[in-house]
Amino acid sequence: MKNTTLVVLAILLASTMTWAQKTPILKVGHVGHDHQSALYVAALAGEEFKPFYGIWLKEIRNKELYELYDGKRRICEVELYKAGGGAEMPTMMSQGHFDVGLGGVAAIAFFIDKGAPMKIIAPLHSKGDMLVVKPDLKLNSWQEFIDWVKSQEKQVRIGYKNPEAVATIIFQRALKEAGITFTGDKANTKAKVLLINMKGEANLNPGLQTDQIDGYVSNNPWCAIAEEKGIGRCVAELHDLPPGVFKDHPCCCIAANDAAIKKQRMVIQKFLELMAVATHYINSQPEKAAEYVAKWIGTSPELEKKSMATSGYSLEPNDLFLDGMWVWYNEMVTLEKIVDKLMGKSREEFEKKVYDFSALKPALASAQKRIK
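What comes next is a walk through the structure. These numbers were taken from a predicted model, which means no experiment stands behind them.

## Concerning the sheet that holds strand S11 (residues 215–219)
- Taken together, six strands build an open sheet; the order of strands is S9-S10-S8-S11-S7-S12 and the sheet is mixed. Across the chains shown, the open sheet's two edge strands, defined by having one partner strand only, are strand S9 (182–183) and strand S12 (233–237).

Laid out in structure tokens, this is it:
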């Protein structure tokens with residue numbers, strides 16, 4: 001009897017180990033703001049996605065561990081990791097902390113230029129960046145902001161979350177177009193605008209409250225939060241700023257390590273399929289999507305409706321995305337953010353080094369069949 005029990009236990013253990021070995025694990029990094037809403041909607045709306053789309057996430061540990069299913073078939077485990085914005089997400093991905101990362105296109109391009117083995121595997125999000133100033137500054141447009149800056153005797157202090165952020169790059173180009181001098185050097189008191197690295201978006205609104213800065217440029221929902229709390233005033237959407245080349249610009253993308261693209265292509269394809277249907281959900285049911293995103297982030301549905309309305313959500317690598325990325329490339333070269341592996345590349349060479357859409361194309365085709 002004892003031997004029989006041991007045999008049964010051994011068989012069960014072996015079976016469990018075999019099952020575990022056969023179940024892939026996809027490690028996914030994200031930043032935690034509503035530009036990456038597709039991930040949060042998919043994570044929270046699993047039971048709704050299950051009958052409607054047929055591809056869905058089952059929660060194991062809230063905000064940490066999920067199982068990705070296609071119908072009744074378990075595809076993989078999805079481990080989620082929250083990272084900081086800007087350079088932190090691609091830094092962690094390049095160090096092997098996760099396989100797939102959701103983050104800013106400019107930061108990913110910056111890291112690829114430095115030789116990091118990663119590619120953009122899908123667009124994700126566009127626009128959603130704002131200029132915010134103190135609430136007592138009654139400014140209602142970019143031109144009013146420029147006129148105000150020119151009239152100031154004291155240097156105007158504008159914060160940003162990190163040097164490679166999309167908002168930072170757009171703002172610097174717009175200041176140049178307006179003929180406004182700027183600097184990141186506190187010793188340079190002659191420049192009209194002092195740009196201050198606040199080292200993360202979480203420090204922007206407190207910086208306004210404590211008078212460290214007169215305003216900031218960053219992505220939503222921080223800007224909407226500033227208005228909701230009465231500590232900031234949104235002056236302009238950055239994609240509208242001169243010289244006009246940033247209209248509907250790419251902002252966030254989905255990237256992956258080269259090793260993961262090679263070794264986990266089918267799993268990544270299913271994950272992208274899930275992101276595609278989640279994006280369809282956001283665009284077709286914005287109010288319900290805002291409720292899910294607010295629950296994940298810890299804001300309110302009303303705030304998320306306002307914040308998400310400034311964004312565009314799409315996984316399509318269309319001309320709008322590709323042209324916008326080429327604009328980014330040239331801007332980053334001008335600002336000397338691109339100085340290495342991508343320097344001097346033609347558009348064709350740039351796209352070959354930065355993109356790998358091989359898993360995205362079949363994922364979008366499969367997702368389209370699921371959309372009712």
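Structure shown, so let's carry the discussion forward.
## Regarding the nonpolar core
- Phe49, Trp142, Phe145 and Ile254 are the most contacted members of the largest nonpolar core, which has 116 residues in total.
- Looking at which element gives the most residues to this core, the answer is helix H11 (residues 265–284), with eleven residues.
- Among the nonpolar cores identified, the runner-up in size contains 13 residues, and Val132, Leu208, Tyr216 and Ile231 belong to it.

## Topic: a negative patch on the surface
- Taken together, the side chains of Glu228, Glu287, Glu291 and Glu302 make up a negatively charged region of the molecular surface.
- Of note, Glu291 is situated in helix H12 (residues 286–297).

## Regarding the pattern of salt bridges
- Under the criterion given, the structure shown has 20 salt bridges.
- Note that Glu273 and Lys270 form a salt bridge whose closest N and O atoms lie 3.4 Å from each other. Residue Glu273 and its partner Lys270 are both found in helix H11; the two are separated by three residues, about one turn of the helix. Of the two residues examined, Glu273 and Lys270, each falls in the buried class.
- The partner of Asp323 in a salt bridge is Arg347, with the nearest N and O atoms 2.7 Å apart. Here Asp323, found in helix H14 (residues 319–334), pairs with Arg347, found in helix H15 (residues 347–354); they are 24 residues apart in sequence, far enough to count as distant.
- Assessed through its relative accessible area of 38%, Asp323 is described here as partly exposed.
- In this structure Arg347 comes out as partly exposed when scored by relative accessible area, which is 30%.
- Here the salt bridges do not stand alone but share partners, grouping Asp70, Lys270, Glu273 and Arg370 into one network.

## Looking at the environment of Trp326
- Considering the arrangement of structural elements, one finds Trp326 in helix H14.
- For the pair Trp326 and Arg233, spaced 93 residues apart in sequence, the C-alpha separation works out to 31 Å.
- Apart from residues no more than four positions distant in its own chain, Trp326 is found in contact with Lys345, Ser346, Arg347 and Phe350.

## A closer look at the sheet that holds strand S3 (residues 65–70)
- Spatially, eight strands are ordered S2-S3-S4-S1-S5-S13-S6-S14 in an open sheet, and the strand pairing comes out mixed. A strand with exactly one partner marks an edge of an open sheet, and here the two such strands are strand S2 (55–61) and strand S14 (311–313). Recorded for the sheet is a direction-independent mean angle of 30° between the axes of neighbouring strands.
- Where helix H5 (residues 105–113) meets the sheet, its contacts fall on strand S5 (100–104), strand S6 (118–127) and strand S13 (250–257), and the angle it forms with S13 comes to roughly 45°.

## Remarks on the environment of Pro123
- As for its placement among the helices and strands, Pro123 is situated in strand S6.
- A relative accessible area of 4% means that Pro123 is categorised as buried.
- Sequence separation between Pro123 and Pro135 is twelve residues, and the spatial gap between their C-alpha atoms is 34 Å.
- Apart from the residues within four sequence positions on either side, Pro123 is in contact with Cys252, Cys253, Ser314, Leu315, Glu316, Pro317, Phe321, Phe357 and Leu360.

## Thoughts on the environment of Lys352
- In this fold, Lys352 is placed in helix H15.
- Exposure remark for Lys352: the relative accessible area of 71% places this residue in the exposed category.
- Along the chain, Lys352 and Lys127 lie 225 residues apart, while their C-alpha atoms are 24 Å from each other.

Analysis parameters
Residues numbered from 1 in each chain as written. Predicted model: local features only at pLDDT ≥ 70, side-chain atom pairs only at ≥ 80, totals over all residues. Heavy atoms only, no water. Pairing = 2+ DSSP bridges. Helix = DSSP H or I, 4+ residues; strand = E, 2+ residues; numbered from the N terminus. Core = buried A, V, L, I, M, F, W, Y, C linked by side-chain atoms within 4.5 Å. Buried < 20%, exposed > 50% of the residue type's maximum accessible area, 1.4 Å probe, protein only. Patch = residues over 30% accessible without salt bridge, like charges linked within 9 Å, V, L, I, M, F, W, Y side chains within 5 Å. Areas by Shrake-Rupley, 256 points an atom, 1.4 Å probe, with all protein chains shown as cover. Salt bridge = Lys/Arg side-chain N within 4 Å of Asp/Glu carboxyl O. Lys, Arg positive; Asp, Glu negative; His and termini not counted. Charge placed at Lys NZ, Arg CZ, Asp CG, Glu CD. Contact = heavy atoms within 4.5 Å. Axes fitted to C-alpha atoms, helices over the stretch in contact; angles between N-to-C directions.

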